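# Report on the structure
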Amino acid sequence: MPARTAPPVTPLSRARRIVVKVGSALLVDAATGRLNRAWLETLVADIVRLRRQGKEVVLVSSGAIALGRRHIGLPRGPLRLEESQAAAAVGQIRLAHAYKELLEAEGVPVAQVLLTLEDSEQRRRYLNARATLTTLLACGAVPVINENDTVATAEIRYGDNDRLAARVAQMVSADCVVLLSDIDGLYTADPNKDPTARFIPLVRQITPDIEAMAGDSASEVGRGGMATKIIAARIAVAAGCHFCIAAGAPRHPVRRIEQGGRCTWFRPAATPVAARKQWIAGTLRPAGELRIDEGAVRALRSGKSLLPAGVTATSGRFERGDTVSVCTADGREVARGIVAYGDAEAARIIGRRSADIAALLGYTGRDELIHRDDLVLQ
Ligand code: GLU
């Protein structure tokens, strides 16, 4: 009799709270625009299986726009904003219905949660969404999350569910994120263009080399390419989460990973930063930018606050309490933080000593432009 081999121990088998992100291309058949129901049934079976192991699962599911467009007769090709908003409205209800039907048949309650960018970017709304999601989990439901595409506009949207999934993982303190996508993991180069590209099964740390492997970030951000997946990975690992990119197209895609199937795992940070700092670092769209001099870079690196004196320029419109990015003279981001002054006040005090703030503004404000408690180095 052949010897039985024990199943491999993957981070997924040890995880207790898992976020699974499902891409549109998996859910919706490209040729017909219909839901890929037979495949979805195998995914749902995997989720039910995880739950029977005592794990909690949050689904982040795309597919609303892809599923809705054919029902209202929209043509192939790029859609105008209002068309994709309309398609999402039609598709989302179908998507939610499919999850409800399949999961509830297994006795698992399903909850639909539609988030907008502000729900993760504004601290109070973030805490509010977190309370809802953790309550749903405590009640034994599977939250099925998507961006609220019907009201999201071009400027104010995640655009891709990879980063949304990472923000959600951070929100619910998940210990594992699985991105099911149309690529089976990270390669040293784009395998479609470079035959020498090597597959990377494990990323211990997200270094600039790893980021470079993801390709041209500027062109891919917002479209769910590898660059957005690396940004998502960064957010998740900083939150202490294992993160995995895997091919979603095979049947039972999550069980495959559990059983040691091919995928790229990213190790979580050894010492996750405090929750509030995770949230600052994971900001998807900082409201503005502060350029700082060399001395200020050194001060920040040694754990100090950012004083107005070290700032050479500001850009963007921001209010006190917004998250801004802090960059060197050549535009390299070195930190992110919550700014203590709005852009108009900041413009008046930069380059000046903190002792002069009262005279410059006519009131006594904080000495720091960003206090070190509100600052995270990148
Ligand atoms: N939220 C979009 C949808 O449901 C998809 C975003 C993505 O594919 O990452 O259609």
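None of the values given here were measured: they were computed from a predicted structure. (Residues numbered from 1 in each chain as written. Predicted model: local features only at pLDDT ≥ 70, side-chain atom pairs only at ≥ 80, totals over all residues. Heavy atoms only, no water.)

## Notes on the confidence of the model for the protein
As a reminder of what qualifies: Per-residue confidence from the predictor is given as pLDDT, running between 0 and 100. Think of it this way: any DSSP run of H or I at least four residues long counts as a helix, any run of E at least two long counts as a strand, and we number them from the N terminus. Throughout, a contact is declared for two residues whenever any of their heavy atoms are within 4.5 Å.
Per-residue confidence for the protein gives a mean pLDDT of 91, with 96% of residues at or over 70. Mean pLDDT values over the elements of the protein span from 41, in helix H10 (residues 217-220), up to 98, in strand S2 (residues 56-61). Low confidence marks residues 217-222, where pLDDT is under 50. Its contacts with residues over four positions away, or in another chain, come to 14 contacts.

## Quick look at the packing of helix H7 (residues 123-138) against helix H8 (residues 161-171)
Note the threshold: Comment: axis = line fitted to C-alpha atoms, over the contacting stretch for helices; angle = value between 0 and 180 degrees taken between N-to-C directions. If an angle is under 35 degrees, it is roughly parallel; if it is over 145, roughly antiparallel; if it lies from 65 to 115, roughly perpendicular; otherwise it is oblique.
Relative to each other, H7 and H8 sit at 75°, their axes nearing to 9 Å. Between H7 and H8, the interaxial angle falls into the category roughly perpendicular. Contacts between H7 and H8 involve Tyr 126, Ala 129, Arg 130 and Leu 133 from the first element and Arg 167, Val 168, Gln 170 and Met 171 from the second.

## A look at the sheet that holds strand S14 (residues 333-338)
Basically, it comes down to this: The criterion for strand pairing is that DSSP finds at least two bridges linking the strands in question.
One open sheet accounts for five strands, arranged S12-S11-S13-S14-S15; its pairing is mixed. If you trace the sheet from one side to the other, it starts and ends with strand S12 (311-316) and strand S15 (375-377), each paired once. Here the strands of the sheet are splayed against their neighbours by 20° on average, with no regard to which way each runs. Summarising the sheet, strand S11 (residues 288-292) and strand S13 (residues 323-327) pair through four bridges and their orientation is parallel. Note on S13: the bridge partner recorded for Gly 288 is Val 324. Strands in contact with helix H14 (residues 294-301) are S11, S13, S14 and S15; relative to S11, the strand with the most contacts, it is inclined by about 105°.

## Examining the packing of aromatic side chains
Operational definition: Only rings of Phe, Tyr and Trp enter the pairing, Trp through its six-membered ring, and a pair is recorded when the two centres are within 6.5 Å. The plane angle decides the type: under 30 degrees is stacked, over 60 is edge-to-face, the rest tilted. Think of it in three bands: with a 1.4 Å probe and only protein chains considered, a residue is buried below 20% of the maximum accessible area for its type, exposed above 50%, and partly exposed in between.
With the rule as written, the count across this model stands at three aromatic pairs. With a centroid separation of 6.1 Å and 55° between ring planes, the pair formed by Tyr 126 and Trp 279 is classed as tilted. Of this pair, Tyr 126 sits in helix H7 while Trp 279 sits in helix H13 (residues 275-281), and the two are 153 residues apart along the sequence. By relative accessible area, which is 3% here, Tyr 126 ends up buried. Centre to centre, the rings of Phe 243 and Phe 266 are 5.5 Å apart; their planes meet at 80°, and the pair counts as edge-to-face. Here Phe 243, found in strand S9 (residues 242-247), pairs with Phe 266, found in strand S10 (residues 263-266); they are 23 residues apart in sequence, far enough to count as distant.

## Let's talk about the nonpolar core
Our working definition: For this analysis, a nonpolar core means a set of buried residues of the types Ala, Val, Leu, Ile, Met, Phe, Trp, Tyr and Cys, connected via side-chain atoms within 4.5 Å.
Grouped together as the largest cluster of nonpolar side chains are 47 residues, with contacts concentrated most on Val 19, Ile 145, Val 168, Phe 243 and Phe 266. Listed by contribution, the elements that provide at least two residues to this core are S2, strand S3 (110-115), H7, H8, strand S5 (176-181), helix H11 (226-238), S9 and H13. If one sorts the elements of this core by residue count, H11 sits on top with seven residues. What Ile 145 contacts, discounting residues up to four positions off in sequence, is Val 58, Leu 59, Val 60, Ser 61, Val 113, Leu 115, Leu 133, Leu 164 and Val 168.

## With respect to the pattern of salt bridges
Heads up, the rule is: By definition, a salt bridge exists where a carboxyl oxygen of Asp or Glu is found within 4 Å of a side-chain nitrogen of Lys or Arg.
In the structure shown here, the tally under the stated rule is 23 salt bridges. For Arg 234, the salt bridge goes to Glu 211, with nearest N and O atoms at 2.4 Å. In this pair, Arg 234 sits in helix H11 while Glu 211 sits in helix H9 (residues 208-213), placing the two residues 23 residues apart along the sequence. With relative accessibility at 36%, the residue Arg 234 sits in the partly exposed group. Note that Arg 366 is salt-bridged to Glu 368, the shortest N-O span being 3.5 Å.

## Some remarks on the site of the ligand
Test applied: We call a residue near a molecule or strand when any one of its heavy atoms sits within 4 Å of it. Between N or O atoms, a polar contact is any pair within 3.5 Å; within protein, one atom must be a potential hydrogen donor and the other a potential acceptor, and residues adjacent in sequence are included only when both atoms are from side chains. Accessible surface is estimated by sampling points in the Shrake-Rupley manner with a 1.4 Å probe; for residues, cover comes only from the protein chains shown. In this classification, the charged set is Asp, Glu, Lys and Arg, the nonpolar set is Ala, Val, Leu, Ile, Met, Phe, Trp, Tyr, Cys and Pro, and all remaining amino acids, among them Gly, are polar.
Every residue near the ligand is listed here: Ser 24, Ser 62, Gly 63, Ala 64, Ile 65, Asn 146, Asp 149, Gly 159, Asp 160 and Asn 161. A distance of 3.0 Å is found between an oxygen atom of the ligand and a backbone nitrogen or oxygen belonging to Gly 63. A total of 300 Å² of accessible area belongs to the ligand in isolation, and the protein chains cover 85% of it. A class-by-class count of the residues in the shell around the ligand yields two nonpolar, six polar and two charged.

## Structural notes on the pairing of S13
In terms of burial, S13 is a largely internal element, five of the five residues being buried. Looking at chain direction, S13 and S14 are connected through five bridges and run antiparallel. Paired with Ser 325 across the bridge in S14 is Arg 336. Hairpin connection, S13 to S14: the antiparallel pair is bridged by five residues, and Gly 331 has positive phi, about 85°.

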